[in-house]
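Each chain, written out:
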Amino acid sequence: MTETFRHSGEYPQQQSSAPVPPGGTQGGYPPPPVYAPEAPQAPAPARRRRAKGPVALLAAVAIAAAAVGGGTAYAVQTLTDKDGGSSATSTDVVPTSKKGTVSGVAAAVSPSIVEVGATTGQGKSTGSGVITRSDGEIVTNNHVIAGATSIKVRTNDGKTYDAEVVGTDSKKDLALIQLKGASGLKPATLGNSDNVKVGDEVVAIGSPEGLTGTVTSGIISALERDVTVATGDGDGRQQPQNPQGGWPFEFDGREFNGDTGSSKTTYKALQTDASLNPGNSGGALIDMNGNIIGINSAMYSPSSSQGGSEAASSGSVGLGFAIPIDAVKDDLGKLRAGSKT
């Protein structure tokens, strides 16, 4: 016989002509189905699944490519929120393998921090600055460059540039300067200071005492501290540094580093215990993802207060202050337009 046996009691329609045993359809054989189930098609899904293998692989590759391209912001945002760091931004500056480490932050951000030297009629002073564009646009403190007749900037790789003032805002103690003939510099990533919390880890980079690229670390100690700094006496002259270093400022009703004078301004600052010393002014306060969250502007040391202790006890005692980066970003448009107030 050439008949093929069917599994599960299935019969082809041709069996309808087979002899019916005694008793009619009530005999030992059930009646054939009206139509044959499509059993032969059962292997087809397996074949289709095998055929989809390369297609699925291509689809996975396409999805991965999309993540590397246009989908990066979402993926990085998730990493930023999950792995720590104080600012919720769409940029991770520090490589994943060194994420959350001081060394990782230092390596990633140090090329974006410069030393700023200003010459005035009263002498020379040293501060720091943050590169905001690859052509040499730099944010620093206004008190670092106020009244300067010339400005020299040294980058992390040791190159020196002349610079000119683009815009100033003495009320926020901010200034924007531009390097001459610079290109290909690494701009810093400006973060979001609104999400900074007390206890967040931070890194400070600047040029204390002219030591370019010095790195210190600590935490955010407090928020919205009222810090008062001199804005000058109205003729653009720079407020001189204290002989032990540092610019005059007021905090908690007391003066530090000398007399702030009659023309001054108060802003809400981030407080940090990361070590800041004379020359850190204008440098960066950075979260652990490598985003700038503040511009360092003032520091306290025991000998800097009126009637303070001897100079031998001077230095950082873990009370530093920084201008929140959101205030800086709000001011950039005006500074770039050349406003000088």
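Going by the structure above, here's the rest.
In this text the structure is predicted, and so the values were computed from the model without any measurement. Per chain, the residues get numbers from 1 upward, laid out in the order the sequence is written. Given that this is a predicted model, residues contribute local features only at a pLDDT of at least 70 and side-chain atom pairs are listed and counted only at 80 or more, while totals for whole chains, interfaces and linings are drawn from all residues. Note that water and hydrogens are dropped before the side-chain values are worked out from all heavy atoms of the structure.

> Explain helix H5 (residues 325–336) to me, please; I cannot follow it from the model alone.
Helical geometry note: an α-helix holds 3.6 residues per turn, so side chains three or four residues apart project in the same direction. Over its 12 residues, H5 runs 16 Å from end to end, which matches the ideal 16 Å to within 8%, given 1.5 Å per residue. Among the residues of H5, those classed as buried are Ile325, Asp326, Val328, Asp331, Leu332 and Leu335. Here, two residues are considered to be in contact whenever any of their heavy atoms come within 4.5 Å of each other. Elements are defined by DSSP. Helices are runs of H or I of four residues or more, strands are runs of E of two residues or more, and each kind is numbered from the N terminus. The inward-facing, buried residues of H5 contact strand E3 (137–140), strand E5 (160–169), strand E6 (174–179), strand E7 (189–190), strand E14 (291–299) and strand E15 (320–324). Positive phi appears at glycine 338, one or two residues downstream of H5, with a value of about 95°. Here the expected span of a helix is defined as 1.5 Å times the quantity of residues minus one. For each residue, the accessible area found with a 1.4 Å probe, counting protein chains only, is set against the maximum for its type, and the residue is called buried under 20%, exposed over 50%, and partly exposed in between.

> Looking at this structure, I do not really get the nonpolar core. What am I missing?
One recurring pattern in soluble globular proteins is that nonpolar side chains are buried together. The biggest cluster of nonpolar side chains holds 28 residues, and the ones touching the most others in it are Val109, Ile292 and Ile295. The greatest single-element share of this core, amounting to 4 residues, is contributed by H5. Apart from the residues lying within four places of it in its own chain, the contact partners of isoleucine 295 are Val130, Val139, Asn141, Gly282, Gly283, Phe321, Ala322, Ile323, Ile325 and Val328. Remark: nonpolar core denotes a set of buried residues (Ala, Val, Leu, Ile, Met, Phe, Trp, Tyr, Cys) joined through side-chain atoms within 4.5 Å. Grouped together as the second largest cluster of nonpolar side chains are 15 residues, Ile145, Val153, Ala163 and Ile177 included.

> What is the right way to read the sheet that holds strand E4 (residues 150–154) from this model?
Backbone hydrogen bonds are what pair the strands of a sheet, in a parallel or an antiparallel way. Taking strand neighbours around the barrel as the criterion, the 6 strands line up as E1-E2-E3-E6-E5-E4 in a closed arrangement whose pairing is antiparallel. Looking at each pair of strands side by side, their axes are set apart by 40° on average, direction ignored. A pair of strands is treated as paired once DSSP finds two or more bridges between them. Pairing between E4 and E5: 4 bridges, direction antiparallel. Its bridge partner lying in E5, lysine 152 is registered against aspartate 162. Lines fitted to C-alpha atoms define the axes, with helix axes restricted to the stretch in contact, and inter-axis angles between N-to-C directions lie between 0 and 180 degrees. Packed onto the sheet, H5 meets E3, E5 and E6 and runs at close to 55° relative to E6.

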